[in-house]
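# Overview (structure and organization)
Residue-level listing of the chains:
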Amino acid sequence: MPRIVFVDAEGKSTEVEAEIGQSVMSAAVQNGIDAIAAECGGSCACGTCHCYIDAGWSEKLPAPDYQEQDMIECVVNPDERSRLSCQITVSAALDGLVVHLPAGQY
């Protein structure tokens with residue numbers, strides 16, 4: 001199973017195992033990563049699964065589609081690393097993915 005490393009706003013790392021095909025958001029919720037609120041359940045409709053992808057991993061992900069880009073404009077403190085974790089599908093190629101979490105989703 002691929003591993004995902006979540007790094008909270010204080011710098012604490014939590015490594016979880018994720019199933020291939022599930023979203024990074026789903027892996028976070030299933031493993032008690034509280035910084036991912038996931039209020040819409042993965043519908044790309046709320047932005048409460050906002051995260052920052054570690055710079056070394058950004059190029060390994062497909063670019064966000066227009067719907068995700070629109071939602072990212074509505075999140076707190078977006079930057080060039082911002083993604084919605086509900087839109088990132090776990091694959092074997094993402095083993096070791098580092099996801100930084102915002103201080104808050106609201």
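Reference entry: report on the structure contained in this document. Just so it is clear, the structure is predicted and the values come from calculations on it, not from any experiment. (Residues numbered from 1 in each chain as written. Predicted model: local features only at pLDDT ≥ 70, side-chain atom pairs only at ≥ 80, totals over all residues. Heavy atoms only, no water.)

### Comments concerning the overall build of the chain
What the chain contains, in helices and strands, is three helices and five strands. Mapped in sequence order, the helices and strands of the chain form the string β-β-α-β-α-α-β-β. Computed over the C-alpha atoms, the radius of gyration of the chain is 12 Å, within 12% of the 13 Å expected from 2.2 N^0.38 for a compact globule of 106 residues. In terms of overall dimensions, the chain has C-alpha extents of about 30 × 30 × 25 Å along its principal axes. (Helix = DSSP H or I, 4+ residues; strand = E, 2+ residues; numbered from the N terminus. Rg over C-alpha atoms; globule rule 2.2 N^0.38 Å.)

### Overview of the side chain of His-50
Looking at the element boundaries, His-50 is found in strand 3 (residues 50-53). On the basis of relative accessibility, which here comes to 0%, the residue His-50 falls in the buried class. Residues contacting His-50, with those up to four places away along its chain left out, are Ile-36, Val-75, Val-76, Asn-77, Pro-78, Ser-82, Arg-83, Leu-84, Pro-102 and Gln-105. (Buried < 20%, exposed > 50% of the residue type's maximum accessible area, 1.4 Å probe, protein only. Contact = heavy atoms within 4.5 Å.)

### With respect to the sheet that holds strand 1 (residues 3-7)
Strand order in the open sheet made by the five strands is 2-1-5-3-4, with mixed pairing throughout. The outermost strands of the open sheet, each flanked by one partner alone, are strand 2 (13-17) and strand 4 (82-84). Sheet twist, expressed as the mean angle between neighbouring strand axes with direction ignored, is 35 degrees. Inspection of the sheet shows strand 1 paired to strand 2 by five bridges, in the antiparallel sense. If you follow Val-7 over to strand 2, its bridge partner there is Ser-13. (Pairing = 2+ DSSP bridges. Axes fitted to C-alpha atoms, helices over the stretch in contact; angles between N-to-C directions.)

### Observations concerning the pattern of salt bridges
Summed over all chains, the structure comprises four salt bridges. In this structure, Arg-3 engages Glu-15 in a salt bridge whose closest nitrogen and oxygen atoms are separated by 3.5 Å. Of this pair, Arg-3 sits in strand 1 while Glu-15 sits in strand 2, and the two are 12 residues apart along the sequence. Notably, a salt bridge pairs Arg-81 with Asp-79, separated by 3.3 Å at the nearest N-O pair. Overall, the relative accessible area of 27% leaves Arg-81 in the partly exposed class. (Salt bridge = Lys/Arg side-chain N within 4 Å of Asp/Glu carboxyl O.)

Shape descriptors only; they carry no functional weight alone.
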